[in-house]
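# Architecture and fold: a report
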Amino acid sequence: MQKKLSMLVTIILIGMLALPVTAKASNEDDIVAEINAYRESAGLELVTLDEDLSDVAAIRAVECSEKFSHTRPNGQAWNTVSSLTNGENLAHARNYNQQKPENVVYAWMLSPKHCANVLRKSFSTVGIAYYVAENGDTYIACEFR
(Lines give C-alpha, C1' and ligand atoms only; values in the text may rest on other atoms or scores of the structure.)
Protein backbone atom coordinates (compact mmCIF):
# COMPACT_ATOMS: atom_id res chain seq x y z
CA MET A 1 0.00 0.00 0.00
CA GLN A 2 2.76 2.43 0.94
CA LYS A 3 4.62 1.58 -2.26
CA LYS A 4 1.52 2.38 -4.37
CA LEU A 5 1.02 5.67 -2.53
CA SER A 6 4.66 6.59 -3.02
CA MET A 7 4.42 5.78 -6.72
CA LEU A 8 1.24 7.88 -7.07
CA VAL A 9 2.90 10.88 -5.39
CA THR A 10 5.92 10.48 -7.69
CA ILE A 11 3.70 10.41 -10.79
CA ILE A 12 1.85 13.53 -9.65
CA LEU A 13 5.11 15.39 -8.96
CA ILE A 14 6.58 14.43 -12.33
CA GLY A 15 3.36 15.50 -14.04
CA MET A 16 3.48 18.85 -12.26
CA LEU A 17 7.06 19.43 -13.37
CA ALA A 18 6.46 18.29 -16.95
CA LEU A 19 3.40 20.45 -17.60
CA PRO A 20 3.97 24.09 -18.45
CA VAL A 21 2.72 26.61 -15.95
CA THR A 22 0.30 29.04 -17.51
CA ALA A 23 -1.46 31.87 -15.76
CA LYS A 24 -4.62 33.46 -17.09
CA ALA A 25 -4.43 37.22 -17.22
CA SER A 26 -6.84 39.16 -15.08
CA ASN A 27 -10.04 40.41 -16.65
CA GLU A 28 -8.59 43.91 -16.57
CA ASP A 29 -5.56 42.86 -18.60
CA ASP A 30 -7.82 40.95 -20.97
CA ILE A 31 -10.01 44.02 -21.52
CA VAL A 32 -6.89 46.02 -22.41
CA ALA A 33 -5.81 43.27 -24.80
CA GLU A 34 -9.22 43.30 -26.49
CA ILE A 35 -9.19 47.11 -26.78
CA ASN A 36 -5.68 46.96 -28.21
CA ALA A 37 -6.68 44.36 -30.79
CA TYR A 38 -9.26 46.80 -32.19
CA ARG A 39 -6.83 49.72 -31.97
CA GLU A 40 -4.11 47.76 -33.75
CA SER A 41 -6.57 46.82 -36.53
CA ALA A 42 -7.31 50.53 -36.94
CA GLY A 43 -3.60 51.39 -37.13
CA LEU A 44 -3.62 53.18 -33.76
CA GLU A 45 -1.10 53.15 -30.93
CA LEU A 46 -1.86 50.67 -28.16
CA VAL A 47 -3.14 51.81 -24.77
CA THR A 48 -1.58 50.80 -21.47
CA LEU A 49 -3.21 50.05 -18.15
CA ASP A 50 -2.81 52.87 -15.63
CA GLU A 51 -3.12 52.09 -11.92
CA ASP A 52 -4.37 55.56 -10.93
CA LEU A 53 -6.98 55.47 -13.67
CA SER A 54 -7.97 51.97 -12.52
CA ASP A 55 -8.61 53.41 -9.05
CA VAL A 56 -10.96 55.93 -10.68
CA ALA A 57 -12.63 53.11 -12.62
CA ALA A 58 -13.12 51.21 -9.35
CA ILE A 59 -15.07 54.15 -7.94
CA ARG A 60 -17.24 54.31 -11.05
CA ALA A 61 -17.85 50.53 -11.11
CA VAL A 62 -19.19 50.66 -7.54
CA GLU A 63 -21.27 53.74 -8.35
CA CYS A 64 -22.78 51.96 -11.35
CA SER A 65 -24.11 49.26 -9.03
CA GLU A 66 -26.16 52.04 -7.41
CA LYS A 67 -27.12 53.79 -10.66
CA PHE A 68 -26.01 52.35 -13.99
CA SER A 69 -25.45 55.55 -15.90
CA HIS A 70 -22.83 58.00 -17.04
CA THR A 71 -24.47 60.29 -14.51
CA ARG A 72 -23.10 59.59 -11.05
CA PRO A 73 -25.41 58.66 -8.14
CA ASN A 74 -24.90 62.19 -6.75
CA GLY A 75 -26.35 63.64 -9.97
CA GLN A 76 -23.04 64.91 -11.35
CA ALA A 77 -21.54 63.98 -14.72
CA TRP A 78 -19.22 60.97 -14.95
CA ASN A 79 -16.13 63.12 -15.50
CA THR A 80 -16.47 64.77 -12.08
CA VAL A 81 -15.10 61.58 -10.52
CA SER A 82 -11.51 62.67 -11.35
CA SER A 83 -9.54 65.08 -13.46
CA LEU A 84 -7.59 62.06 -14.73
CA THR A 85 -10.35 60.74 -16.96
CA ASN A 86 -11.26 62.01 -20.43
CA GLY A 87 -13.59 59.22 -21.55
CA GLU A 88 -15.69 56.44 -20.05
CA ASN A 89 -17.16 53.12 -21.16
CA LEU A 90 -19.39 51.11 -18.84
CA ALA A 91 -20.85 47.61 -18.93
CA HIS A 92 -23.41 45.78 -16.81
CA ALA A 93 -23.15 42.00 -16.93
CA ARG A 94 -25.87 39.75 -15.54
CA ASN A 95 -24.13 36.47 -16.36
CA TYR A 96 -20.69 34.98 -16.97
CA ASN A 97 -20.82 35.32 -20.77
CA GLN A 98 -21.68 39.02 -20.59
CA GLN A 99 -18.68 39.74 -18.35
CA LYS A 100 -16.13 38.01 -20.57
CA PRO A 101 -13.65 40.63 -21.78
CA GLU A 102 -14.19 39.82 -25.45
CA ASN A 103 -17.95 40.28 -25.06
CA VAL A 104 -17.64 43.48 -23.04
CA VAL A 105 -15.41 45.13 -25.64
CA TYR A 106 -17.45 43.72 -28.54
CA ALA A 107 -20.58 45.34 -27.06
CA TRP A 108 -18.70 48.64 -26.81
CA MET A 109 -17.67 48.37 -30.44
CA LEU A 110 -21.34 48.02 -31.44
CA SER A 111 -22.13 51.38 -29.80
CA PRO A 112 -20.90 54.39 -31.81
CA LYS A 113 -19.98 56.52 -28.76
CA HIS A 114 -18.26 53.66 -26.92
CA CYS A 115 -16.47 52.58 -30.10
CA ALA A 116 -15.26 56.18 -30.53
CA ASN A 117 -13.64 56.00 -27.08
CA VAL A 118 -11.91 52.71 -27.87
CA LEU A 119 -10.59 54.12 -31.14
CA ARG A 120 -9.86 57.71 -30.08
CA LYS A 121 -6.33 58.45 -31.26
CA SER A 122 -5.55 60.78 -28.34
CA PHE A 123 -6.20 58.16 -25.68
CA SER A 124 -3.05 56.38 -24.51
CA THR A 125 -3.98 54.89 -21.12
CA VAL A 126 -6.98 53.16 -19.59
CA GLY A 127 -8.12 52.17 -16.15
CA ILE A 128 -10.34 49.12 -15.81
CA ALA A 129 -12.32 47.86 -12.82
CA TYR A 130 -14.81 45.06 -12.21
CA TYR A 131 -17.25 45.22 -9.30
CA VAL A 132 -19.58 42.36 -8.34
CA ALA A 133 -22.71 43.53 -6.53
CA GLU A 134 -24.49 41.58 -3.81
CA ASN A 135 -27.06 40.34 -6.35
CA GLY A 136 -24.27 38.82 -8.46
CA ASP A 137 -24.40 41.38 -11.28
CA THR A 138 -21.02 42.63 -12.47
CA TYR A 139 -20.27 46.23 -13.32
CA ILE A 140 -17.28 47.06 -15.50
CA ALA A 141 -15.87 50.57 -15.84
CA CYS A 142 -13.21 51.67 -18.30
CA GLU A 143 -11.78 55.15 -17.90
CA PHE A 144 -9.71 56.62 -20.73
CA ARG A 145 -6.99 59.27 -20.79
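The present account deals with the structure reproduced in this document. Keep in mind that this is a model prediction, so the values were computed, not measured.

Right, let's talk about the nonpolar core for a bit. Counting residues in each nonpolar core, the largest one holds 19 residues, and the members touching the most others are Ile31, Ile35, Trp108, Ile128 and Ile140. Those elements that provide at least two residues to this core are helix H2 (27–41), strand E2 (87–93), helix H5 (101–110), helix H6 (112–118), strand E3 (125–132) and strand E4 (138–144). With four residues, the single largest contributor to this core is H5. Once you skip the residues sitting within four places of it in the chain, Ile35 turns out to touch Val47, Val105, Trp108, Val118 and Cys142. Grouped together as the second largest cluster of nonpolar side chains are eight residues, Ala61, Leu90, Ala133 and Tyr139 included.

What follows concerns the environment of Ser124. Along the polypeptide, Ser124 turns up in the loop between H6 and E3. We classify Ser124 as partly exposed; its relative accessible area is 41%. Expressed as a C-alpha distance, the spacing of Ser124 and Phe144, which sit 20 residues apart in the sequence, is 7.7 Å.

Moving on, we get to the environment of Asp52. Tracing the backbone shows Asp52 in helix H3 (residues 51–66). Among the residues examined, Asp52 registers a relative accessible area of 48% and is labelled partly exposed. Sequence separation between Asp52 and Val126 is 74 residues; the distance between their C-alpha atoms is 9.4 Å.

Our next topic: the sheet that holds strand E1 (residues 48–49). In space, the four strands of this open sheet follow the order E1-E3-E4-E2, with mixed pairing throughout. In this open sheet, the two edge strands, each paired with only one partner strand, are E1 and E2. Here E1 runs beside E3; their pairing, made up of two bridges, is parallel. Bridging from a neighbouring strand, Leu49 pairs with Val126 of E3. Running at roughly 125 degrees to E2, H5 makes contact with E2, E3 and E4 of the sheet.

Another point: the pairing of E4. In terms of residue burial, E4 counts as a mostly covered element, since seven of its seven residues are buried. Residues Thr138, Ile140, Cys142 and Phe144 line one face of E4 and the alternating positions Tyr139, Ala141 and Glu143 line the opposite face, and both faces are buried. Sheet analysis places E3 next to E4, joined by seven bridges and oriented antiparallel. Note that in E4 the partner of Val132 across the bridge is Thr138.

All told, the structure shown has four salt bridges when counted by the stated rule. Residue Glu63 pairs with Arg60 through a salt bridge whose shortest N-O separation is 2.8 Å. Placement of both Glu63 and Arg60 in helix H3 is noted, with a separation of three residues, approximately one turn of the helix. When its relative accessible area of 11% is taken as the criterion, Glu63 is described as buried. If you follow the salt bridges from partner to partner, you end up with Arg60, Glu63, Arg72 and Glu88 in one network.

Cut-offs and rules
- Residues numbered from 1 in each chain as written.
- Predicted model: local features only at pLDDT ≥ 70, side-chain atom pairs only at ≥ 80, totals over all residues.
- Heavy atoms only, no water.
- Core = buried A, V, L, I, M, F, W, Y, C linked by side-chain atoms within 4.5 Å.
- Buried < 20%, exposed > 50% of the residue type's maximum accessible area, 1.4 Å probe, protein only.
- Helix = DSSP H or I, 4+ residues; strand = E, 2+ residues; numbered from the N terminus.
- Contact = heavy atoms within 4.5 Å.
- Pairing = 2+ DSSP bridges.
- Axes fitted to C-alpha atoms, helices over the stretch in contact; angles between N-to-C directions.
- Salt bridge = Lys/Arg side-chain N within 4 Å of Asp/Glu carboxyl O.

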